[in-house]
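Working through the structure, step by step
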Amino acid sequence: MDTQRWHGHVTVASVARAAAAVLGCTALVLAVTGPSAQAQGRDLARQTLPANDGWASYGTGTTGGAKADADHVYSVSTWAEFKAALAAGGDAPKIIKVKGTIDAVSEGCDAFAADGYDFDAYLAKYSPEAWGLDTDLSAEPADSPEGLRAVSAANQNKIIKAAVPANTTIVGIGKNAGFKGASLQITGVDNVIVRNLTFESPIDCFPQWDPTDGDKGNWNSEYDTAVVYGSTHVWIDHNTFTDGSHPDSAAPTYFGMLYQQHDGELDIVKGADYVTASWNVFADHDKTILIGNSDSAATTAIDRGHLKVTFHHNLFSNLVERAPRVRFGQVDSYNNHFVASDDYAYSFGIGKESQLVAEHNAFTLPDGVSAAKVLKRWNVSPLTAADNTVNGQVTDLIAVHNAEIPAETLESGAGWTPTLRTKVDPVKAVPAIVDHRAGAGNAC
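A short tour of the structure in this document, coming up. One numbering rule holds for all chains: residues counted from 1, following each sequence as written. At least 70 in pLDDT is required for a residue's local features to be given in this predicted model, at least 80 for side-chain atom pairs to be given and counted, and no such filter applies to totals for whole chains, interfaces and linings, which use all residues. Side-chain measures were taken over the full set of non-hydrogen atoms in the model, leaving aside hydrogen atoms and water.

Focus: the overall build of the chain
For clarity, the threshold we go by: The helix and strand labels rest on DSSP assignments: H or I over at least four residues marks a helix, E over at least two residues marks a strand, and numbering proceeds from the N terminus. Every radius of gyration here is taken over C-alpha atoms, with the globule rule written as 2.2 Å times N^0.38, N being the number of residues. Buried, partly exposed and exposed residues are distinguished by accessible area as a fraction of the type maximum, computed with a 1.4 Å probe on protein chains only: under 20%, between the cut-offs, and over 50%, respectively. Throughout, a residue-residue contact means that at least one pair of heavy atoms, one from each residue, lies within 4.5 Å. For the area figures, the Shrake-Rupley method with a 1.4 Å probe applies, and any residue is considered shielded solely by the protein chains shown. Counted as positive: Lys and Arg. Counted as negative: Asp and Glu. His and the chain ends are not counted at all. Taken as the charge location is NZ of Lys, CZ of Arg, CG of Asp or CD of Glu.
When you go through the chain residue by residue, the secondary structure sums to ten helices and 34 strands. For 444 residues, the compact-globule estimate of 2.2 N^0.38 gives 22 Å, and the C-alpha radius of gyration of the chain, at 23 Å, lies within 12% of that figure. If one aligns the C-alpha atoms of the chain with their principal axes, the spans along those axes are about 75 × 60 × 40 Å. Split into buried and exposed, the 444 residues of the chain put 53% on the buried side. Sequence-distant contacts, at least 24 apart, represent 73% of the contacts inside the chain between residues at least 6 apart. If you sum the accessible surface of the chain, you get close to 18,400 Å²; carbon and sulfur atoms cover 52% of it. A distance of 8 Å separates the average location of the 32 positive side-chain charges in the chain from that of its 52 negative side-chain charges.

Printed below as a string of structure tokens:
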């Protein structure tokens, strides 16, 4: 049967794609390409980013380790095996197949603690009553509770960070592959693919208390689940990012502040460029995605003209903020579904010199939460926000924001028009399509 034969105004192929949004990958491959293509369509390890699929398709495109020979294909099921595979073969194309859940902190936080470190002693010395709120801890000696905390933190840092080389594909095999407590560092490299993995956000075993952070002090943590730092051509696809067994809601408070042990789920910083994040689930997290990490003059010189990122068909569920927060970058966000938490602060953070285009996205907000909160202005940077729905109704996000928050007026018009898009779905169909097909285990 000719899959492009017209039936009224709809092709058989388009009907099949719509059905596959619910029925899954096998239905999509068979319906669109025919039975002979099923095996190839399911070979996730060799797949490359399609042409025109977001900023990561720009220029040379993103192929990861698709050209790897047999000597550079690795199957791993432990943290030691994974790190050894990353280190093997230099920048030659490689494929790393992840089987099962790999725990980077399997021995627990105590395994990283320096001799003599005692958290109760840390609390006693640096409580606001004993230490005050005027002096940070940077001058504390090595044998102090803060000095021992710093050594402990350095021990964890060495173990849980994994440097990803150029020309690499990291892919989960099956529906239950992923990492717990790991931090992927995609730093200063080109051509990386990360697909079909569930990431449980790493917890910082040793957060630092900063008495001078805000009016009451604050706990600050390290470790993004994945960070793209100065790298180019990166495709993040069909992954699930979540706090899992360590949600912020279960965290204790010390000194009257949440003992925060999480940082970001996906940060894109320091001149990184040409990134596509597609069909992922970002769930149950606070500070989710940061694009550009500072307004400083030094950072401006690195980031200006870079940070080109596409987000499409991602599910942002039960998040608080930063989905994403944007500085500098030309960011295209379309066909995403945002399901806000009761603690919702905002989705899009409009930062310094950002050029955000947010179109054809669906927002599901709790009763009593205004659509004006979807956008948050940090700096005066024009954006484009067209054809978005809030609870099923087409809503002008900029107009609603400006009407309710006139002190933070936003300007319309990002100054550029995205062209690197494959298929744009009707906005009212986005929740059904994205909710069924995004996340680990759903890659085709």
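Notes on the layout of surface pockets
The criterion, for reference: Any residue with an atom within 4 Å of a point lines the site, the site being either a cavity, points on a 1 Å grid over the protein atoms alone where a 1.4 Å probe fits but cannot get out, or a pocket, an open set with protein on both sides within 12 Å along at least 5 of 7 lines. Grid points are joined across faces, edges and corners, and a volume is the space filled by probe spheres set on the points. Residue polarity follows a fixed list, in which Ala, Val, Leu, Ile, Met, Phe, Trp, Tyr, Cys and Pro are nonpolar, Asp, Glu, Lys and Arg are charged, and the others, Gly among them, are polar.
Considered as a void within the structure, the second largest pocket measures approximately 420 Å³ in volume. Considering the residues around the second largest pocket, the lining is formed by 21 residues, among which Trp219, Asn220, Ser221, Gln260 and Lys287 are closest to the centre. Taken together, the elements giving at least two residues each to the lining of the second largest pocket come down to helix H7 (145-160), strand E12 (208-210), strand E13 (218-220), strand E18 (257-258) and strand E21 (281-287). Of the residues belonging to the lining of the second largest pocket, the class tally is five nonpolar, seven polar and nine charged.

Some details on the packing of aromatic side chains
Stated formally: Ring pairs are drawn from Phe, Tyr and Trp, using the six-membered ring of Trp, whenever the two centres fall within 6.5 Å, and their geometry is named by plane angle: stacked under 30 degrees, edge-to-face over 60, tilted for the rest. By definition here, charges over rings are those cases where NZ of Lys or CZ of Arg is within 6 Å of the ring centre and within 35 degrees of the ring normal.
On inspection of all chains with the given rule, the structure shows 30 aromatic pairs. Centroid distance Trp219 to Tyr259: 4.9 Å. Interplanar angle 80 degrees. Geometry classified as edge-to-face. With Trp219 in strand E13 and Tyr259 in the loop between E18 and strand E19 (266-269), this pair connects stretches of sequence that are 40 residues apart. Comparing Trp219 with Tyr259, the two get one shared label, buried. Three or more aromatic residues joined by ring pairs make a cluster, and in this case those are Trp79, Phe82, Phe179, Phe199, Phe241, Phe282, Phe316, Phe338, Phe348 and Phe363. The lysine or arginine in question, Lys308, covers the ring of Trp55, its NZ or CZ lying 6.0 Å from the ring centre.

Brief notes about the nonpolar core
Just so we agree on the cut-off: Joining through side-chain atoms within 4.5 Å is the link that ties buried Ala, Val, Leu, Ile, Met, Phe, Trp, Tyr and Cys residues into a set, and such a set is a nonpolar core.
If you look at the biggest cluster of nonpolar residues, it comprises 74 residues, and the most contacted ones within it are Phe82, Phe179, Ile186, Ile268, Ile291 and Phe348. The dominant element in this core, judged by the number of residues it contributes, is helix H4 (residues 79-87), at four residues. If near-sequence neighbours (up to four positions away) are discounted, Phe82 is found in contact with Val76, Ile96, Ile102, Ala162, Ile170, Phe179 and Leu184. The next biggest cluster of nonpolar side chains, apart from the first, holds eight residues, and it includes Tyr122, Leu137, Trp219 and Tyr259.

Points about helix H5 (residues 119-126)
Applicable threshold: The arc in question is formed by the directions pointing from the helix axis toward the C-beta atoms. Definition of a polar contact: a pair of N or O atoms within 3.5 Å, with one able to donate and the other able to accept a hydrogen when the atoms are protein atoms, and with sequence-neighbouring residues admitted only if both atoms are side-chain atoms.
Buried within H5 we find Tyr122, Leu123 and Tyr126. All buried residues of H5 project into a common sector of 95 degrees when viewed along the axis, lining one side. Residues Asp120 and Ala124 are exposed on H5 and point more than 90 degrees away from its buried face. Structurally, H5 contributes buried residues whose contacts are with helix H6 (128-131), H7, E12, E13 and strand E17 (253-254). One side-chain oxygen of the residue at the start of H5 lies 3.0 Å from the amide nitrogen of Asp120, identifying that residue as Asp118.

Focus on the state of the cysteines
Stated precisely, the cut-off is as follows: Note on terminology: pairs of cysteine sulfur atoms within 2.5 Å are recorded as disulfides.
Counted under the stated rule, the structure contains one disulfide. There is a disulfide in this structure between Cys109 and Cys205, and the S-S distance comes to 2.0 Å. Taking the sign of the S-S torsion, about -70 degrees here, the bridge from Cys109 to Cys205 comes out left-handed. On the criterion of sequence distance, the pair formed by Cys109 in the loop between strand E5 (101-103) and H5 and Cys205 in the loop between strand E11 (198-200) and E12 is long-range, its members being 96 residues apart. Judged by relative accessible area, Cys205 falls into the buried class, the value being 8%.

Some points on the environment of Ala277
By secondary structure assignment, the location of Ala277 is in strand E20 (residues 273-278). Owing to a relative accessible area of 0%, Ala277 belongs among the buried residues under this scheme. As for Ala277 and Ala340, which are separated by 63 residues in sequence, their C-alpha atoms are 20 Å apart. Among all residues touching Ala277, those that are not within four sequence positions of it are Ile236, Thr310, Phe311, His312 and Asn314.

Keep in mind these numbers describe shape, not what the thing actually does.
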